[in-house]
Amino acid sequence: MSEREELCNRPVGVFDSGVGGLTVAREIMRQLPNERIVYFGDTARVPYGSKSRDTVTKYSRQIVRFLQTQDVKAIVVACNTASAYALDELENEVDIPIIGVVKPGARAAIEATRNGKIGVIATEATVSSGIYSRYINENDKNVTVLSKACPLFVPLVEEGLWEDPVTDEIAERYLAELIDVGIDTLILGCTHYPMIRSTIGRTMGESVTLVNPAYETARELKQLLHDSGLESDHRPGLGTELYRFFVSDAADKFQKFANSILTYGILSAKVIAIDEY
Ligand code: DGL
């Protein structure tokens, strides 16, 4: 095998604060079926959405160090909060391609809006970082961005209340002000929100386009791997493990959740001591 082939056969590292990034992994599996994935979910230290920039950056750095021990060829920061707080620093520290979920989502929203009013729903940390509005306005200063933190959506998704009157009620409360200002495009700026896409869509009404950064990120990853000559052009042979999962705690719970959203059945997730990295 040539050196180039060996490089292209390496996995992509994907990480998140926990299970949410599986929505991004799922899109990568769909759109890039030849790529192997090493996924890390920081289940011991979730949530990131209520933590400080310094803490999220420290955790993200440890995860990147761990992923590099797995010989990954590129890294996807599948967590919006980690993309908001840590991606700029990580980009300066690693010598392989690394992308987050914020820019792909923001770019898609700019393309989608017709009336120049974009809403962003995300964790408290992502909203207070101001990253979505900053990035959108750097690219188009005529767009108005309204951001809203929706912290209860994460536990509702993790409790499996995807289609439930409680989730409908909370969605109506959170989204009312976005409806009032007449946004026509809404970014699902947190890994968990695609799981309650129908509730959010129903609440916002048909005229509002929902942007899923997970989908957009997988598209950009495909382009990035292609442009940097790192794309794998064949499905790994029999006996090669296509996807590997690591967590920092509660592997059984992770596995159960993963199997409820991935079509690929995951047999195991390995617990590692992430703070040693
Ligand atoms: N993964 C986080 C995000 O996308 C949501 C969960 C958390 O707060 O850690 O922002």
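The coordinates are above.
Our subject in this report is the structure included herewith. A quick note: this is a predicted structure, and the numbers were derived from the prediction, not measured.

## A word on the site of the ligand
At step 1: Close contacts around the ligand come from 13 residues, with Asp16, Ser17, Tyr48, Gly49 and Thr81 the closest.
At step 2: Thr191 places a side-chain nitrogen or oxygen 2.9 Å from a nitrogen atom of the ligand.
At step 3: For the ligand, the protein covers 99% of the area, taking 300 Å² as the surface of the free molecule.
At step 4: Each residue belonging to the shell around the ligand can be placed in one class, and the counts come to five nonpolar, seven polar and one charged.

## Brief notes about empty space enclosed by the protein
At step 1: Across all of its chains, the model carries two cavities of 30 Å³ or more by this definition.
At step 2: Taken as a whole, the largest cavity spans an internal volume of roughly 50 Å³.
At step 3: If you trace the largest cavity, you find it lined by Thr23, Val24, Ala78, Asn80, Val101, Leu188, Cys190, Thr191, Pro194, Asn212, Pro213 and Ala214.
At step 4: Those elements that place two or more of their residues in the lining of the largest cavity are α2 (22–31) and α11 (213–227).
At step 5: For the lining of the largest cavity, the residue count by class is eight nonpolar, four polar and no charged.

## Considerations on unusual backbone geometry
At step 1: In the segment running from Val46 into Pro47, the intervening peptide bond is cis, with an omega of 0°.
At step 2: Looking at the element boundaries, Pro47 is found in the loop between β2 (37–41) and α3 (53–69).
At step 3: One non-glycine residue, Asp71, lies in positive phi territory at about 55°.
At step 4: Exposure remark for Asp71: the relative accessible area of 44% places this residue in the partly exposed category.
At step 5: Its identity as a non-glycine residue notwithstanding, Ala250 has a phi of 50°, on the positive side.
At step 6: You can see Ala250 is positioned in the loop between β9 (243–247) and α12 (251–261).

## Considering the packing of aromatic side chains
At step 1: Taken as a whole and judged by the stated rule, the model has ten aromatic pairs.
At step 2: Plain terms: the ring middles of Tyr48 and Tyr59 are 5.7 Å apart, the flat faces sit at 45° to each other, and that makes the pair tilted. Of this pair, Tyr48 sits in the loop between β2 and α3 while Tyr59 is found in helix α3, placing the two residues eleven residues apart along the sequence.
At step 3: Exposure remark for Tyr48: the relative accessible area of 1% places this residue in the buried category.
At step 4: Exposure remark for Tyr59: the relative accessible area of 14% places this residue in the buried category.
At step 5: Ring centres of Phe153 and Tyr174 lie 5.2 Å apart, and the angle between their planes is 90°; this geometry places the pair in the edge-to-face category.

## A word on the state of the cysteines
At step 1: Enumeration over the complete set of coordinates arrives at zero disulfides.
At step 2: Between Cys79, a free cysteine, and Cys190, which holds the nearest cysteine sulfur, the sulfur-to-sulfur gap is 7.5 Å.
At step 3: What makes Cys79 buried here is its relative accessible area of 4%.
At step 4: With no disulfide of its own, Cys150 lies 8.8 Å from the sulfur of Cys190, the closest cysteine sulfur.
At step 5: Judged by its relative accessible area of 0%, Cys150 is buried.

## Considering the pattern of salt bridges
Pairing between side chains becomes possible if they bear opposite charge and their charged atoms approach one another.
At step 1: Per the stated rule, a full pass over the model turns up twelve salt bridges.
At step 2: A salt bridge links Glu35 to Lys73; the shortest N-O distance between them is 2.6 Å. Taken together, the positions of Glu35 in the loop between α2 and β2 and Lys73 in the loop between α3 and β3 (74–77) put the pair 38 residues apart, joining distant regions of the chain.
At step 3: What makes Glu35 buried here is its relative accessible area of 2%.
At step 4: When the shortest N-O distance is used, the salt bridge between Glu89 and Arg61 registers 2.8 Å.

## Let's talk about the environment of Pro236
At step 1: Here Pro236 shows up in the loop between α11 and β9.
At step 2: With 13 residues separating them along the chain, Pro236 and Gln223 place their C-alpha atoms 20 Å apart.
At step 3: Not counting chain neighbours up to four residues away, the residues in contact with Pro236 comprise Asn34, Arg36 and Leu242.

## What about α11?
An α-helix turns once per 3.6 residues; consequently, residues spaced three or four apart project the same way.
At step 1: Taking 1.5 Å of rise per residue, 15 residues should cover 21 Å, and α11 covers 20 Å from first to last C-alpha, within 8% of that figure.
At step 2: Listed in full, the buried residues belonging to α11 are Pro213, Ala214, Glu216, Thr217, Ala218, Leu221 and Leu225.
At step 3: Put simply, Asn212 is the residue that caps the front of α11, since its side-chain oxygen is 3.0 Å from the backbone nitrogen of Ala214.
At step 4: Backbone geometry just downstream of α11 places Gly229 in the positive-phi region, at approximately 65°.

What counts and what doesn't
- Residues numbered from 1 in each chain as written.
- Predicted model: local features only at pLDDT ≥ 70, side-chain atom pairs only at ≥ 80, totals over all residues.
- Heavy atoms only, no water.
- Near = heavy atom within 4 Å.
- Polar contact = N/O pair within 3.5 Å; in protein donor to acceptor, adjacent residues only side chain to side chain.
- Areas by Shrake-Rupley, 256 points an atom, 1.4 Å probe, with all protein chains shown as cover.
- Nonpolar A, V, L, I, M, F, W, Y, C, P; charged D, E, K, R; others polar.
- 1 Å grid on protein atoms, 1.4 Å probe; cavity = no way out; pocket = protein on both sides within 12 Å on 5 of 7 lines; lining within 4 Å.
- Points joined across faces, edges and corners; volume = space filled by probe spheres on them.
- Helix = DSSP H or I, 4+ residues; strand = E, 2+ residues; numbered from the N terminus.
- Buried < 20%, exposed > 50% of the residue type's maximum accessible area, 1.4 Å probe, protein only.
- Phe/Tyr/Trp six-rings, centres within 6.5 Å; stacked < 30°, edge-to-face > 60°.
- Disulfide = S-S within 2.5 Å.
- Salt bridge = Lys/Arg side-chain N within 4 Å of Asp/Glu carboxyl O.
- Contact = heavy atoms within 4.5 Å.
- Expected span 1.5 Å × (residues − 1).

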